[in-house]
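Chains, contacts and geometry: an overview
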Amino acid sequence: MHKFDEKASKILLNVLSHTIERFSYDPPTLDYPKSVGFFEKNAPCLINELGNSIDTVFDQFKNVLEQSIISVDSPRNLSFIPAAPTKASMIFDLVVSAGSLRGESWMESSGAVWAENQVIRWIADLVSFPESAGGCFISGGTNGNLSALVVAREEFRKSNPDNNLKLAIICSDQAHSSVKSVAKIMDCEVIVVPTNEKYQLKASLISHEMNSNVKYSNLAVFAVVATAGTTNLGVIDDIDSVASYTEKNNYWLHVDGAYGGAGLLSPKVRNLYKGIEKANSFIVDPHKWLFAPVDCAAIIYRDESMAVEAHSQKASYLDVLHENDEGCNPSDFAFHLTRRARGLPLWFSLSIYGVKEYRESVEHSLEVANYAADKIRTLPYLNLFMDPVLSIVVFERLNWSWENYNAWSKEQLRNQLCFVVPSVIDEKPVLRFAFLNPETSNSMVDEILQSLG
Ligand SMILES: Cc1ncc(COP(=O)(O)O)c(C=O)c1O
């Protein structure tokens, strides 16, 4: 028996009992980062010629490393865009990892692709995309934005072969940082359109910006990115008007719903997404507000064949993968080749718990956000920045500087009360709660707000 196999059953038992123990924490502890000096002392390098005992390595992980990783699934983690993977999805992720389940092609992974595609279709139906729609699961929203905009660029090149102007993407001043990174990789300009008083992008604002600067006439715009749930404020752009604008100008419309796309599940906010069905491409990150573990984002194109044309890798050793006359190859839909079957944990969990549970979990976050906003309005030392649109609440602590916010943030993480970091809006420091975890309660919000008094 190979040495790894002799050890495998003990490792598995350790991992399972550790996982069961972690699941028994209600809720999981937040934990906090440690210094390099701490790791030098407590986590010496274990990589050597002969290896170590399982206990030595696992103890270092459990007692030092893991406790220095802030738990993204703690209901007290309200920073950035946290996550709250379901237990079913986390457990099934073990199966995907333990089986090293790949999902790049129909030939190699038809069962995985079949199940993942059911979820892709479910998301496409939430968007009201037509039958021609299709896509795949990728590592994150950043890759989703890249993959979508590459398809947009290729489509533009096909219909404008003689246009040699520098390419440009339009987005709002609230669009995610990844749009600028993608433009850099693609060597495109970004035309940043200032949003309105509600921090929304609208067609009239794009037209105004385009008419305001002659330098834009030297650019070949090929795509507009609208955001369905901005990262800082959770605002949904006026997608319907932006869709009319892109239709009129023959531009690609990409909707970034990495965070907020999950809100499509709730009839309470569904009308805010009006026009999304006209998008050419859409992303949502199930590893954010659809309760899947990292790394799981979904990219869906209105017409999947355009993505295949742009992304399918060609080589003699891959020809055999393209000879199937049924099924599809997820590797053809984005900038990747080998991929884990990362959609399966979501497929498993969604199939076990049912859509209703997902809808209610999303709506719980909307309710806690409204509760927090109402409470903030009543506290004299706080100022609500704006009414929440989805599940992000932004507010100021009167008379506090960036340093005050940071000191409070660090102290509360140390106290394990919450992980809430400051952000900046309109050059002002603010505090920001991102509610995604169905276990975050009103009483936790009360405790956090009290600590600011
Ligand atoms: C609106 C939006 N788009 C894109 C991204 C990037 O997603 P990822 O971190 O999965 O690459 C984020 C991340 O927070 C986001 O909020």
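Scroll up a little and you will see the structure.
Here's what I pulled together on the structure shown here.

**Some details on the nonpolar core**
Ile170, Ile206, Val255, Phe282 and Trp289 are the most contacted members of the largest nonpolar core, which has 68 residues in total. Mapping this core onto the domain boundaries places at least three of its residues in each of domain 2 (96-353) and domain 3 (356-450). Once residues lying within four places of it in the same chain are set aside, the contact partners of Val255 are Ala226, Ala228, Ile239, Ile276, Ala279, Ser281, Phe282 and Ile283. Grouped together as the second largest cluster of nonpolar side chains are 34 residues, Leu146, Ala148, Leu149 and Ala152 included.

**Structural notes on the side chain of Ser89**
By the secondary structure assignment, Ser89 is in helix H4 (residues 87-98). Here Ser89 falls in the buried class, since its relative accessible area comes to 0%.

**A few points about the pairing of strand E4 (residues 219-227)**
For E4, the tally of buried residues reaches 9 of 9 residues, placing the bulk of the element in the interior. Inspection of the sheet shows strand E2 (residues 166-172) paired to E4 by 5 bridges, in the parallel sense. When the sheet's bridge partners are listed, Leu167 is paired in E4 with Ala220. With 5 bridges joining them, E4 and strand E5 (residues 252-257) adopt parallel strand pairing. Residue Val225 lies in a different strand from E5, and its bridge partner there is His254. What joins E4 to E5 is helix H9 (residues 239-249), and the crossover it makes is right-handed.

**Things to note about the packing of helix H6 (residues 141-159) against helix H11 (residues 304-311)**
At a minimum axis distance of 9 Å, the contact between H6 and H11 shows a crossing angle of 90°. Classified by the interaxial angle, the pair formed by H6 and H11 is roughly perpendicular. Contacts from Ser147, Val150, Val151, Glu154, Glu155 and Lys158 in H6 reach Met306, Ala307, Glu309, Ala310 and His311 in H11. Residue classes in the contact of H6 with H11 are distributed as 5 nonpolar, 2 polar and 4 charged.

Definitions and limits used
- Residues numbered from 1 in each chain as written.
- Predicted model: local features only at pLDDT ≥ 70, side-chain atom pairs only at ≥ 80, totals over all residues.
- Heavy atoms only, no water.
- Core = buried A, V, L, I, M, F, W, Y, C linked by side-chain atoms within 4.5 Å.
- Buried < 20%, exposed > 50% of the residue type's maximum accessible area, 1.4 Å probe, protein only.
- Domains from an automatic or database assignment.
- Contact = heavy atoms within 4.5 Å.
- Helix = DSSP H or I, 4+ residues; strand = E, 2+ residues; numbered from the N terminus.
- Pairing = 2+ DSSP bridges.
- Right-handed = clockwise from strand over helix to strand, strands pointing away.
- Axes fitted to C-alpha atoms, helices over the stretch in contact; angles between N-to-C directions.
- Parallel < 35°, antiparallel > 145°, perpendicular 65-115°, else oblique.
- Nonpolar A, V, L, I, M, F, W, Y, C, P; charged D, E, K, R; others polar.

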